[in-house]
Structure formats: structure tokens, C-alpha cells
Amino acid sequence: MSAVGPMGAGSRPSIAVLRAELDKRNVSAVELAERYLARIAAESVLNAFLHVDEARTLAEARAADARLAAGEKLPLLGIPVAHKDIFVTRGWRSTAGSKMLAGYTSPFDATVVERLRAAGMVCLGKLNCDEFAMGSSNENSAFGPVQNPWDRDRVPGGTSGASAAVVAAGLSPAATGTDTGGSLRQPAAMCGVTAIKPTYGRVSRYGMIAFASSLDQGGPMAQSAADCALLLAAMAGFDPRDSTSIDRAAEDYRALPPAAGLRIGVPKEFFGEGLAADVAAAVHASLREFERLGATLVDISLPRTKLSIPAYYVIAPAEASSNLSRFDGVRYGHRAADYDDLTEMMARSRAEGFGAEVKRRIFTGTFVLSHGYYDAYYLQAQKVRRLIAQDFQDAFRSCDLIMGPVAPTTAWKLGDKSKDPVAMYLEDIFTLGVSLAGLPGMSVPCGQGAGNLPVGLQIIGNYFDESRMLGAAHQFQQSTDWHTLRPPGAAA
Amino acid sequence: MTETAWEVVIGIETHTQLSTASKIFSGSSVAFGAPPNTQANVVDLALPGTLPVLNKGAVERAIRFGLAVNGGEDHHIARRSVFARKNYFYPDSPKGYQISQFELPVVTGGSVEIQVGERAKTIRLTRAHLEEDAGKSLHEGLATAGVSGIDLNRAGTPLLEIVSEPDMRSAAEAVAYAKALHGIVTWIGICDGNMQEGSFRCDANVSVRKVGDEKLGTRCEIKNVNSFRFLERAIQFEVRRQIELIEDGGQVVQETRLYDSDKDETRPMRSKEDAMDYRYFPDPDLLPLVISQAEIDRIKAAMPELPAAKRERYVKTHGLSDYDARLLTARHDTAAYFERAVTAGADAKLAANWINGELASQLNRDEKTIASSPVTATQLAALLRRIADATLSSKMAKEVFSYLWAGEAGDEDNAADTIIEKRGLKQVSDQGALEKIVDEVIAANAKSVAEFKAGKEKALQALVGQVMKASQGRANPAQVNEILKKKLA
């Protein structure tokens, strides 16, 4: 492999470029895997990977090369990918960023992992994340925070912080992530990469370590909408092992329909107080670009946007408190060294195994489900959730897509908000409603704020409208180059 | 103690294990008796990332039950029910919660008919809901001392929890209800009914109140009752305990009590104060259970004839008494036995008498079920034919039956004839032979003859008895009666 051209050091080729190189036999899957493994080793300071197993990766690459040699033609065959550590994997450890699962290896692969392998992708390893996907900055990992490649003193966003960081830094052309309240979109925005959280039920949750079952949804991160479309096509689809997976005919997300003629809803609640000026400027500029591409902007209202924070922070912790009950030290995971009886064994194992944010949410969730509080909190939050979903449906009567900022600010300094959980929760205001409604949402690089930090544009579609979202994003990326900007350190 | 001044109020919760091949939310087998943890897959072990998928067979069985307890009508089957999580920590509960149904169960209402002695009564059902069983903690027999083991083979076994209204007023009624319910679930093939293996487990909620009181007394729930006999004893003990407690000026405390069959007593397990807050909420991993009318209709069409319909048919077409018909339809295998006997040529009334009489008492004595009866329905039918054609008196038939029971002629269908032949047990119906014996008996019993002629009807029976004795029980009793009357006229 040559050190210059599309595969050169510091370059960040898209999946389409890698595909061409592989098909022309300019590079083998093994060589490609070796190149990325070397980059990962060189950039260990990012703390993005929790487990790399070179031998295993190369074995997968050899299998891909054999399939290539046999003449198989698949868009992702031989392309490397890295998985958020929320997806369980055979071979690579699966920790969910928690001490509770330090050293845990799953006897089975998540459906997403299985599908991407079947599509021919080569796994580079497992990616750091906030513990059990709870957080907004990737600082809640038991294995330390992840650095933002754009500014090593800043957070990459969360909870799929490492997924965004590795794509931004060119340590992997693609990564999987999960999104419960914005965990794919917000880090993608803060690291300047493209991500899509599909409609709830599009991508199987089997093998995703559960945080909040009614909200969790896996999705891809990559350098462009076109790459995300390829990845989503391989990841999505009905899975009989997940009862909430939707049995729907497969769609070709690669069609990428143009943006011309689209009515784009601009919710006034997304542009009010609290939105940083640099973010607002970048988002407005990108909306004007869509107008230039033939779309029309429509003023809309999502009146209950503010209520999405309390509703989410009741429902998600409620489900989490129950989902995390299985971590009791009995069958697997961390077990305390000293205990006098069974109850103490379970209590100590949990006290030692979980971090502060996870405990906070277990306490909150346990409280809101308790006798006497259930109606006032959990049921009330469910009602608000339905109203929020209704607000979106009302809005979609006058528009095809909704656009606005992903997050109120660009990436903040490591440690800045980690002492104030409420300040951290407020960062999720623009992404939570989409999750509560189960709608698909994208993050597309749309500019740079102060300190050249990336800004993300959020594109929200109606249910199962991923194709239209990806198409609009693709056309935007055809006429802008925000998604191609590389962080200073990663560029050669 | 003045038990007559007290009214006993009992409601029963029954956990019936549904007869599916695999678990309710995973593909593991539910076969009983496998080595520990060999029937627990990644879902049963609640490994990270696993999700439940509902077994449709369990739903189908719940629908069958909903139809059976409503005389085949479907209006008590919820078209939409919801699975909920019941959260609690226990090592044999791998997920830290049990998937059950809480606010919206699959079946609401319905009733079960019971019979105590000659009296029939209707027990109303509150609900029936689907849920998963827990695993088992093992505290004994492990290689390492001081260590507890967990067997998750049973974790995830499908259960239908059937809850009755507090409609029972005695231990006898409670047992009759449990037996009737057992009859229904085995009748419709949704549960194997094996109580030793825990396939049918009853918890009794027992309270007492002064006769005439409107308000229910404080109840105690009795758990761990794994036979009908223990259910009766546990309730009897609990009733006595509560009445004595109140009469001594005490108060019943709401609690869960465990029945100890060795000591024949109940003792406290946990009080209401320790009651856990289960934090029920709809399980977000499972969609609401939606049952279509088409599905119900399909299951309805495949339902076996239900006990009430059968009972009516037996009375109408076979001329049985309601009482006999009820006994025959108390269990599916009993009704099946009866129908096989009739098909094999037995007179229906005679068959009913024999099945409810001789056969039932023999089965009871040898602690056998009708399914394992040494005398088959076909064999019984062959025997009853010999009563109908006067080859055997009913007394002789009982003798032949006892040889059949002992397996004397093996399992051949006409074993009765073989025994009759071999043992020379044919009834003597030859007029001449009988007259000869009668003459001898008249000659030898002058006193009885005189008494009969003086108007003492009973004396005739003594003479009949003598004739039977002289014939070694083989004389046709009806004929003997006739001959005697004629000769003494």
C-alpha cells in the first residue's frame, strides 16, 4: 500500500473510496486492517478503543479477502468497522464501559455485529462509551474519558463518544453506535462526523446491552450520508429475536433522493435562549444552503420541547433501573470480594460495580416506579411522551423534514459539566424529543464554531423516512465540504 | 372452640405450568428432571443483550383456558393484554424481574363449577394471566458445604396463574375447586397436572369472620401446598389457628405462611410489613399481546367437548343421572374411559355404575389413576356384557373384576371370558338344575318356609341366600327368586 494517494498517511478515505481500492486490488482487506490497526495503536492517547485483538481482526480480514477472491460483490466487503462496546461480541470483550462487566466476553454476537460481519465488514475492536450508555460526554466510562480529536482537552460528546472520535480521527472508516436520547447524534455533531439514529425498531436491539429498552436504537457513524446509507442498509431489518423489531420490507437507503422541493420545518423552540451563537450561525447558514438547493423553509412549533427533558429523565431511568437488575454478581460480572450473606453479596457487587451516574439513574428510576409515585411520575411522563410524539405528527403535516441544531453548544472542556448532572442533562434538549417519539434523526456536519469546533445539523424525519433524510444530507454534502474537514491532529 | 359461629372465606391462586415444549420467552426445553442448568440458554441466564420473545403456544393455551371457564364463550379473553415486569432481587430470578401480567391480564372473569357431596356451587374466577416461572435455589446435597446452588432449568417455564374470587367457604370446597380446576386444565390439555413435579401449585388465601359479618377478616396466604390432601389439611389447620387466635383476644396478621406437611402446620414466611414494592411497569421489550378474533375462532374450533356439554349429553343420550354424569366428567380421562367402554359395547348405565363404583374404589385403594387402571375400558365392557347377557350375576362379576384387576388374564380384550371359562364362573340359569337345588333348600329349611308362609317376606331372602350358597354363588338370583315364590305359593 502506497503512503500517498487516497490511502496515504493521515488520509481519511470514505467507504466508497476504500471500495474502489479493494475492488481494483490496490489494497487487500488484510492490508487495510493492518493500516487501521497501526493508526489505532499510534493514537491510543484518545482512549477510544477498549479492546483490540489484532489476530482476530486479521482473521476476519483474511476471510473477507477470500470472499473478494471468490468474486463476491458486496458494498461493505473488506471494509473495517469498530463497534461501540454496548454491542456484545464473541471474542472481543463486551463491557458497556462499566467495571461491572470488566473482562466479560459474550458467547454470542449482537444482531448488528452479526449482520455487518455477514456483509463482509472487518471488526477492528470495541469502542469506549459512557457506562451503560448513560451520559452526554463519554466521561462516565469506567475506563476513562475519550478525547475529542479536534481539541484533546475537550469531550467528544456521548455516549457514543469514541465511535465519533475514531471516525473523525481516521482510526476507522465506520463505527456503530447507539442512541437512547441523542447518543449517536450529539457526539457525531461534536466530532464532525455523520450519524443516523433510525426509526425505533429498524435496527435489532438483540445483543445491545440495554439501557432504556423503549428508546435504545443502534445506528451507524461514518464520514458521509452516503456511507451511512450503506451501513444502515446492512444493519437494519427484522430480527425475530427482538420483539420490538419491525417487520417491514427492506429499503434501499442508497437511493438518496434529492432535496429539491422538500419542505423543511424549522422549529422555533430549537433556536431560543440557550443556543450558542456560533451553533446558531452555522445551522442558519446550512438552512440557507438547503433553500439554495431547492427546499423551502417552514416555521413550525414543537411546543413541548422543554418537557422532553423531565419526561426522558423519568422514563429512561425507570427502564434502566429494571434493565440493570440482572447485574447482581450471581451469574457473571463483578462480584464483591467480601460479604456475609446473599443480600450483601448482591448489594456490594452493585455498589462496587456501578459508577456514580448509573447509580443516580437507578435511584431515580426505582423512585419513579415506586408504589405511590408511579402515577405521578412514570404515568405522567408516558402521557407527556405521547403528546411530544403528537407534536411531531402535527408538525409533519406542514413539512417533510425538520431541521435544527443537534446540541446547544459545541464540545465542552473535559470536566466542565461532569460535576453538574442537570447541566449535562440540559445538553440533550434537542435530541430527546426525537427519541421519545421513536423518530429517525441524523447529525450532519454543518460548520465550525469558535475554536474551529464542529457544529452538527440535526435532520429529523417522520417514521421510516430514513431514505429522504439520507438523500437530503447527501445532497447537502455534495455542495458543502464540512464533512470532509479533518481534525488538526489527524491530518498529515 | 365454636367453629359454627365462624365463617371461613377462601380464595385460591393456582400456578399451572403450561404444556409447551419450550419456555415462554426462550427456546429452551422445559422437560422435567434434566441435570441442573442444562436447559438454560443465554436468554434464561439473562446475559447482557438478550431479549424475550413470546412463545405463541403459551398464548394459545391461555386462550383455551379462557374458553373453557366460560362455557366455550370468548368474551372474557382480552383482545389486548400487557406484559409487565415485577421487579425483585433474588438469585433464582436471573433478570432481577419476573415477566408477568399485571393491569391487563389475558383472561378476566369466568367460573368453575364444583360439587361437594350432592351440592353444586359456582366459584367465580377473578383472572388468569401468563407469566414465567423462577429458577430454583438448591441449599442441600451440594459437593461444597456452606454453598448454595442455583438451577435455572425452570426459569422461564410458562405459567398461567389462575386467581379465584374468595368464594369458597370450607376446606372441602377449596379442595373441590382445586380438583375441578385441575380437571379443566388437564381436560383441555394445557397442563399435565403433575402436582409432585410442581405443574399445578395452589396458594390459599384464608380468612375467618363471624357468621353474618359483611367485612372480610384479615387473610393469610398459605404457600407450598403440593397435593389436594395437604391443601385440605393446611386450610383446616389455618382456620383453627385463626379462630383460636381471635377467640383468645388476638388478631390475625396479614402474612404469607408456609405449610409444613411433616408437622402438619403453617408457619409465618413473611409479613405484610416485609412486603416488597415490585415496581410493576409494562415490559418495554414486549409489545402488547394482541389476540385476533380469527385466532380465537381457530382455537375454539379445535377445543375438545367441555365437561358441561358432555354432562348434558350423558344425561340426554345415555339416560344417566346428573350425579353419575358429573362424576364421569370430573376428569377428562374418566370421561374418555367411559366413552371407550360404551363404544366397546357396554351398557351406558351399567358402565357408569361400575366406573363410579367398583373401579373408582379399587383405583382409590391402590392409589392409581384411571389412566393407569389395570382393567382397560374394553375389558370392563366385555365383563359388563356378561352381566347383561346373564352369564354373570353382579356379585360374580365383581369376583371376575378382582381377577382382572390382578392381571389374571393379561391385557387381552376379552380377558373376562377367559377368567369365566377358566374358573367356571358361569351363572347357573338352567331351570331344572335350579329347581332341584330349590327343592333341597325347601326341604332343609322348614322354619324359614313356615315363616314365609305366615307372611314374613324377609324369610324369602334367607331362602334365596341358602340357594346361592348351595350353588356356590352361581345360581341366577332372579330366577331363584321366581322359582321359590312359585314353589311356596
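Scoring rules and cut-offs
Residues numbered from 1 in each chain as written. Chains lettered and ligands numbered in written order. Predicted model: local features only at pLDDT ≥ 70, side-chain atom pairs only at ≥ 80, totals over all residues. Helix = DSSP H or I, 4+ residues; strand = E, 2+ residues; numbered from the N terminus. Rg over C-alpha atoms; globule rule 2.2 N^0.38 Å. Buried ≥ 20, exposed ≤ 12 C-beta atoms within 10 Å, placed from the backbone. Contact = placed C-beta atoms within 7 Å. Domains from an automatic or database assignment. Nonpolar A, V, L, I, M, F, W, Y, C, P; charged D, E, K, R; others polar. Pairing = 2+ DSSP bridges. Expected span 1.5 Å × (residues − 1). Arc of directions from axis to C-beta. pLDDT = per-residue confidence, 0-100. Axes fitted to C-alpha atoms, helices over the stretch in contact; angles between N-to-C directions. Parallel < 35°, antiparallel > 145°, perpendicular 65-115°, else oblique. Left-handed = near helix turned anticlockwise from the far one by under 90°.

A separate point is the overall build of chain B. Along the backbone of chain B there are 15 helices and 16 strands. Rg of the C-alpha trace for chain B: 29 Å, well past the compact-globule value of 23 Å for 489 residues, more than 25% over. Viewed in the frame of its principal axes, chain B has a C-alpha envelope of about 95 × 55 × 55 Å. Among the 489 residues that make up chain B, the fraction classed as buried is 41%. Sequence-distant contacts, at least 24 apart, represent 69% of the contacts inside chain B between residues at least 6 apart.

With that settled, the discussion passes to the overall build of chain A. Looking only at helices and strands, chain A features 15 helices and 11 strands. Taken over the C-alpha trace, chain A has a radius of gyration of 21 Å; the compact-globule value for 492 residues is 23 Å, and the two agree within 12%. The dimensions of chain A, computed from C-alpha atoms along their principal axes, are 65 × 55 × 45 Å. Counting the 492 residues in chain A, one finds 58% classified as buried.

This brings us to the domain arrangement of chain B. Residue and element names in this part refer to chain B. Under the domain assignment, chain B is made up of domain 1 (3–295), domain 2 (305–423) and domain 3 (431–488). Put simply, the middle of domain 1 and the middle of domain 2, counted by C-alpha atoms, are 35 Å apart. On the side of domain 2, 7 residues touch domain 1, which itself brings 7 residues to the contact. With 3 residues, helix α2 (residues 171–187) is the largest single contributor of residues to the side of domain 1 that touches domain 2. Of the residues contributing to the side of domain 1 that touches domain 2, the split by class is 2 nonpolar, 5 polar and no charged.

Residues and elements named next belong to chain A. Thr159 follows Gly158 through a cis peptide bond whose omega is 10 degrees. Look at Asn47: it is not a glycine, yet its phi comes out positive at around 60 degrees. On the secondary structure map, Asn47 appears in the loop between α2 (29–42) and β1 (49–51). Of note in this structure, Ala133 is not a glycine but carries a positive phi near 60 degrees. With respect to the helices and strands, the residue Ala133 is situated in the loop between β3 (122–127) and α5 (161–169). Residue classification places Ala133 among the buried residues on the basis of 30 C-beta atoms within 10 Å.

Residues and elements named next belong to chain B. One open sheet accounts for 3 strands, arranged β4-β3-β15; its pairing is antiparallel. Where the open sheet ends on each side, the last strands, each with one partner, are β4 (97–101) and β15 (281–282). Note: strand β3 (residues 83–87) against β4, 5 bridges, orientation antiparallel. Following the sheet pairing, Asn87 is matched in β4 by Tyr97.

A separate point is helix α14 (residues 458–470) of chain B. All names here are of chain B. Compared with an ideal rise of 1.5 Å per residue, which puts 13 residues at 18 Å, α14 spans 19 Å between its outermost C-alpha atoms and is within 8% of the ideal. Taken together, the buried positions of α14 are Leu463, Val464, Gln466 and Val467. One side of α14 holds all its buried residues, which, seen down the axis, span an arc of 160 degrees. Turned more than 90 degrees from where α14 packs its buried face, Lys458 and Lys469 sit exposed.

What follows covers helix α1 (residues 15–23) of chain A. Residues and elements named next belong to chain A. The set of residues buried in α1 consists of Ile15, Leu18, Glu21 and Leu22. Seen end-on, α1 carries its buried residues on one side only, within an arc spanning 120 degrees. Elements that come into contact with the buried residues of α1 comprise α2, α3 (54–69), β4 (174–179), β6 (217–222) and α7 (225–235). With its phi angle positive at about 60 degrees, Arg25 sits one or two positions after the end of α1.

Residue and element names in this part refer to chain B. Within strand β10 (residues 158–164), 5 of the 7 residues are buried, which leaves it mostly tucked inside the rest of the structure. For strand β7 (residues 119–132) and β10, the ladder comprises 7 bridges, and the chain directions are antiparallel. For Leu130, the partnering residue across the bridge sits in β10 and is Leu160.

Turning next to the confidence of the model for chain B. Model confidence for chain B is summarised by a mean pLDDT of 91, while 99% of its residues fall at 70 or above. The ipTM, which scores confidence in the relative placement of chains, is 0.96 for this predicted complex, and the corresponding pTM is 0.89.

So, on to the packing of helix α7 (residues 332–343) of chain B against helix α9 (residues 377–388) of chain B. Residue and element names in this part refer to chain B. Orientation of α7 relative to α9, taken along the N-to-C sense of each, is 50 degrees, at an axis distance of 8 Å. One finds that α7 runs oblique with respect to α9. Crossing angle aside, the handedness with which α7 passes α9 is right-handed. Contacts from Tyr337, Arg340 and Ala341 in α7 reach Ala377, Thr378, Leu380 and Ala381 in α9. Considered class by class, the residues forming the contact of α7 with α9 number 5 nonpolar, 1 polar and 1 charged.

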